[in-house]
Amino acid sequence: MRNLRRTIRVRHLVPVGLVLAVAVGGLLVSLSAGASTRARTVPSGSQALAATPPPIRYVGNFTSSQVREGQLLFEANCSSCHGDRAQGAVGPNLQGLGPATVDFWVSTGRMPLADASVQATQKPPRFNGQQATAIAAFVASLAPTGQGFPSGIPHVDTRNASLAMGNRLFVLNCAACHTITGAGDALAAGAYAPSLHVATPTQVAEAIRTGPGNMPVFGSGTLSDAQVADIVAYVTGPIQHPNNRGGLGLGGIGPVAEGFVALLIGVGGIMLIAFWLGERA
Amino acid sequence: MSTTGHTTADRPSGRRPSAVDAGLNWLDDRLGVAKGGRVFMDKIFPDHWSFLLGEIALYSFVVLLATGVFLTLYFVPSTAQTVYHGVYKPLDGVKMSEAYASTVNISFAVRSGLVIRQMHHWAADVFIGSIAVHMCRIFFTGAFRKPRELNWIVGVSLLFLAIVNGFLGYSLPDDLISGTGIRIAYSILLSIPLVGSYLATFVFGGVFPGNGVIIPRFFILHVLVLPAIIAGLIGAHLFMLVRQKHTQFPGHGRTEDNVVGSPMFPTFMAKTTGFLFMVAGVLWALGGLAQINPIWQFGPYVPYKISYAVQPDWYMGWLDGALRIMPSWEFAGFGHTIPFEVFLPGVLFPGLTSILFIFWPFLEQKLTGDRAEHNLLDRPRDRPRRTAVGAAFLAFYFMLFCASSTDVLANFFQVSLNVVLWTFRFVVIVVPIIVGLFTYRICLDMTGAPRVGKRKRAVLIVRSATGEYTTVEAAPRPGDGHQELEPAPVPGFIQGPEDGEEREPGVRRVARRT
Ligand code: HEM
């Protein structure tokens, strides 16, 4: 009997314990991940309100002090490239582009430009929202806003927006460049569609309405204000805060990352176990 | 049945027959299971770890079957349109196929549905990955040589069937990304000269996207037809394995005419059962911890919608990569168009690949003139040419796999997509050549160098009385020489343990031909 007890050594229980730990750990984490996402339900914006405000308010009447502040900022930061009346020099002519265009390029940090040879990128903006509005006010004061550009900086009200509609419109109009998860991707010849994970509601609406760089303009004939609000709600909702039920999101770039995980962690991990179980020579 | 440490003397002689014995006797009297069972239990498994790689595939397949049955209970294989009103709000009120709606439901509404769904997908990725690794071990050690060419062919068939079944399964949820994949498959079918359009119409039951028949058709292939064929072939694979016995690495006491290792029962049985649970455990952990294919973020498939950054699962990557980097050549004439840019990479290339894989053992026999039977494995470095060719092929397919993520790479490294594309057109050809030559050289150098691959002896640092330090090689430790692999005699097949001398689990040697 003593013999028998001696044979069941702790060492023999290690594999069993390991498997149990892995399995129970996976189960617990997956269950808790499920529970936490269940608690954090996705907001649905379709509660009916008594008086429906417009989905987008275009703010285009600026005070003269805003214009003056904007002029100072513009002359200090932009005129070297765009000319002191924004008539264009190294950079393009900005007159008539409207306040929304200018606000977008400044508030996303694209302007002032650091390197004129590549596509302007999102970077931490140099100016705060108020200053960006002021610069937009100054540029808008120079010339009447051109045909097809929004007359003001869009303020989006997503309370009545429909996420389902936003999803449909996003897949139809935007996913072809920005990808379905909004992670962004390379387009032809060095251009790329940026990630949508940091844009504010106003910036999304501005991008849609003014079509920065290689992005097409979606005018009010293509997308109504209500539809833009739907898209904005979808981008700032499920796209920026995806429901990553089921574990680590792996960057939203799909099967490439998944393949590496499957091969390195899955097959690789199991091969290590095999290496441990088997003889080495 | 763990009797390690016992000697026969410990055991009471004249054991009373237990209920198990009685049951087995009953079966044996009717079916004669003792003989087959003896063969099975005495099957000797070499202990080298690389012999467990095939088992990873086997056990992932078991996990695939189990999780797949669960999914079948909730999945609706239909493209009939419904309007979704479920737990996942962003899709509320969206029109979609029943297939997609039921997959979203499995992910959100069915208890533990998402874990099982993700386990199934991870298991598929690991299944095919382990087949590839297993195949590498067979290839690089020359286990496919006579008399095992048939088993190699069965193996290659398994590989390709597994890939096809993976693609079918990936297509079932009818989400935007997999829908794009089906669309590509349709175009590939169309590109076949002469019969393409008929074939595509035949498979899809009409012009793409068909009349809603494609999902039900894929479904029945994916859950019934192909798994049945795969299971049958695995059976044949293992039957041949038992019949022909394992190969083994050359070593102390191992010859062309014996197999040294652990018997099926009890040693290997215990090991392999543990391994089954560990494989399942890893897959379970992946299913719970790492997200895979979050189809609810993609939305349902609508033929005129498209997303960028679409890749197939990794095992289709080499095909996708070939499609991507192919220059756009086309033949137009005689009232027909042959899109070579689709036909060559999409049809001809995988076709040639499978033919090459299937016929490799015969090709090698032709090239080397070696038609002898081989039960002892090669060390890869001792066959520099085969090893180099294998490494070059691996590099080739790996490069194609990387080419399937041209857009992701371009975006990640912030370079132009066109540059990445052209780079891959060269890299796919250049890298395999370099890898091949390099491997060849390394193999030659390794065979030349003494003591390469031997276990290092421990070194002692000794301080003399005068304070001088010297190093001396330590005496060999137990285990250094692998004396544990010393073969022990075993009884013949049919004899029961009563008249055999060897009762202990441990290393045995059996004759190859009985
Ligand atoms: C469904 C996929 C597969 C499963 C479940 C599977 C399973 C197994 C198992 C358990 C063994 C015995 C252990 C071992 O030697 O690793 C084995 C042996 C073998 N497999 Fe596979 N295998 C699969 C695919 C393949 C593929 C793709 C090939 C090659 C192209 C292949 C060729 C072989 C050969 C030639 C043997 C005999 C090796 C020997 O005797 O040493 N198998 N397989």
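Given the structure is predicted, the values throughout are model-derived calculations rather than measurements. Counting restarts for each chain, with residues numbered from 1 along the sequence as it is written. In the order they appear in the text, chains get letters beginning with A and ligands get numbers beginning with 1. With pLDDT at 70 or above as the cut-off, local features in this predicted model cover only qualifying residues; side-chain atom pairs require 80 or more to be listed or tallied, and sums for whole chains, interfaces and linings still use all residues. The basis for the side-chain values is all heavy atoms of the structure; hydrogens and waters are excluded.

Visitor: Residue-level account of the side chain of Arg137(B), with values.
Guide: Residues and elements named next belong to chain B. By the element assignment, Arg137 lies in helix α5 (residues 113-140). Lacking a salt bridge, the buried Arg137 has Glu55 as its closest oppositely charged neighbour, with an N-O distance of 8.5 Å. Contacts were defined at the residue level, with two residues in contact if any of their heavy atoms lie within 4.5 Å. Apart from the residues within four sequence positions on either side, Arg137 is in contact with Ser50, Phe51, Leu53, Ala143, Thr247 and Leu377. Note on conventions: DSSP H or I runs of at least 4 residues are helices, E runs of at least 2 residues are strands, and numbering of each starts at the N terminus. Burial here depends on accessible area, computed with a 1.4 Å probe over protein chains only, as a share of the maximum for the residue type. Under 20% is buried, over 50% is exposed, and the range in between is partly exposed. In this tally Asp and Glu are treated as negative and Lys and Arg as positive; neither His nor the chain ends contributes. Just to be clear on terms, a salt bridge is a Lys or Arg side-chain nitrogen sitting within 4 Å of an Asp or Glu carboxyl oxygen.

Visitor: I'd love a proper account of the site of the ligand, names of residues and values included.
Guide: Residues and elements named next belong to chain B. A single heavy atom is enough: if one lies within 4 Å of a molecule or strand, its residue is considered near that molecule or strand. Close to the ligand lie 23 residues; His134, Arg137, Gly155, His237 and Thr247 are nearest. The definition of a polar contact used here is a pair of N or O atoms within 3.5 Å, where within protein one atom must be able to donate a hydrogen and the other to accept one, and adjacent residues in sequence count solely through side-chain atom pairs. Separating a nitrogen atom of the ligand from a side-chain N or O atom of His237 is a distance of 2.5 Å. Between the ligand and Thr247 there is a distance of 2.5 Å, counted from an oxygen atom to a side-chain nitrogen or oxygen. Where the shell around the ligand is concerned, the elements lending two or more residues are α3 (53-74), α5, α6 (149-171) and α9 (214-244). Tallying contributions element by element places α5 first for the shell around the ligand, with six residues. Amino acid classes used here: Ala, Val, Leu, Ile, Met, Phe, Trp, Tyr, Cys and Pro are nonpolar; Asp, Glu, Lys and Arg are charged; the rest, including Gly, are polar. A class-by-class count of the residues in the shell around the ligand yields 14 nonpolar, six polar and three charged.

Visitor: Mind laying out the pattern of salt bridges, listing which residues take part and the relevant values?
Guide: Residue and element names in this part refer to chain B. In this structure the tally under the stated criterion is eleven salt bridges over all chains. Of the charged contacts, one joins Lys271 and Asp47 as a salt bridge, the two residues approaching to 3.8 Å between their closest N and O atoms. Of this pair, Lys271 sits in helix α10 (residues 264-289) while Asp47 sits in the loop between β1 (44-45) and α3, placing them 224 residues apart in sequence. Judged by relative accessible area, which is 11%, Asp47 ranks as buried. Among the ionic pairs, Asp378 bridges to Arg383, the shortest N-O distance being 3.3 Å. Look at Asp378 and you get buried, because its relative accessible area is 8%. Salt bridges sharing common partners tie together Arg145, Glu364, Asp378, Arg383 and Arg386.

Visitor: Before we move on, can you summarise the pairing of strand β8 (residues 469-473) of chain B with the specific residues and values?
Guide: Here five bridges tie strand β7 (residues 459-463) of chain B to β8(B), and the two strands are oriented antiparallel to one another. Opposite Val462(B), over in β8(B), you have Thr470(B) as the bridge partner. Criterion used throughout: strands pair if DSSP finds at least two bridges between them.

Visitor: An account of the domain arrangement of chain B is needed here, citing residue identities and associated values.
Guide: All names here are of chain B. Throughout the structure description, domain borders are defined by an automatic or database domain assignment. Taken domain by domain, chain B holds domain 1 (49-359) and domain 2 (379-450). A straight line from the C-alpha centre of domain 1 to that of domain 2 covers 24 Å. Contact with domain 1, which involves 25 residues of that partner, is made by 23 residues of domain 2. Take the accessible area each of two parts loses on contact, using a 1.4 Å probe, and add the two losses: that sum is the buried area. When the two sides are added together, the surface that domain 1 and domain 2 hide from each other amounts to roughly 1,900 Å², 70% of it contributed by carbon and sulfur. Looking only at domain 1, the three residues that lose the most surface to domain 2 are Phe140, Arg324 and Ile325, adding up to 34% of its buried area. Counting across the domain 1 and domain 2 interface gives zero salt bridges. Contributions of two or more residues to the side of domain 1 that touches domain 2 are made by α5, α11 (317-325) and α12 (340-368).

Visitor: I'd like a rundown of the coordination of the iron atom of the ligand, residues and numbers included.
Guide: In ideal tetrahedral geometry, four donors around a metal make angles of 109.5 degrees, whereas ideal octahedral geometry with six donors gives angles of 90 or 180 degrees. Residue and element names in this part refer to chain B. Each metal site is built from N, O and S donor atoms within 2.8 Å (3.2 Å for Na, K and Ca), and since water is not included, such sites may look incomplete. The iron atom of the ligand binds to the protein through His134 (NE2) and His237 (NE2); the donor distances cover 1.9 to 2.3 Å. Labels for metal geometry use angle windows, namely 85 to 135 degrees for all angles of a four-donor tetrahedral site, and for square planar (four donors) or octahedral (six donors) sites opposite donors over 155 degrees apart plus all others within 65 to 115; sites meeting none of these are irregular. Classification of the site at the iron atom of the ligand rests on its six donor atoms, whose angles at the metal span 78 to 179°, yielding the label octahedral. Placement of the pair is His134 in helix α5 and His237 in helix α9, with a sequence separation of 103 residues. Look at His237 and you get buried, because its relative accessible area is 17%.

Visitor: Which residues make up the pairing of strand β4 (residues 258-263) of chain B, and what values do they have?
Guide: All names here are of chain B. Most of β4 sits inside the fold, with six of its six residues counted as buried. With two bridges joining them, β1 and β4 adopt antiparallel strand pairing. By the bridge assignment for β4, Ile44 is matched with Pro263.

Visitor: Break down the nonpolar core for me, with residues and values.
Guide: Within the largest apolar cluster, 137 residues are counted, with the highest numbers of intra-cluster contacts made by Phe170(A) and Phe275(B). Of all the elements, α5(B) adds the most residues to this core, at 13 residues. If near-sequence neighbours (up to four positions away) are discounted, Phe275(B) is found in contact with Ile270(A), Ile273(A), Ala274(A), Leu277(A), Leu52(B), Glu55(B), Ile56(B) and Tyr59(B). Within the second largest apolar cluster, 16 residues are counted, among which are Phe127(A), Phe138(A), Leu142(A) and Ile153(A). Residues belong to a common nonpolar core when they are buried Ala, Val, Leu, Ile, Met, Phe, Trp, Tyr or Cys residues joined through side-chain atoms within 4.5 Å.

Visitor: Account for the confidence of the model for chain B, with residues named and values stated.
Guide: Residue and element names in this part refer to chain B. Averaged over all residues, the pLDDT of chain B equals 84, while 87% of them reach at least 70. In predicted models, pLDDT denotes the confidence assigned by the predictor to each residue on a 0 to 100 scale. In the model of chain B, strand β9 (residues 508-511) stands out as the element of lowest mean pLDDT, 62, in contrast to α3, which has the highest, 96. Taken together, the stretch residues 1-12 has pLDDT below 50 and engages in twelve contacts with residues farther than four places along the chain or on a different chain. For residues 482-504, every residue scores under 50 in pLDDT, and the model assigns this stretch 42 contacts once sequence neighbours within four places are set aside. Two summary scores accompany this predicted model of the complex, namely pTM at 0.74 and ipTM at 0.78.

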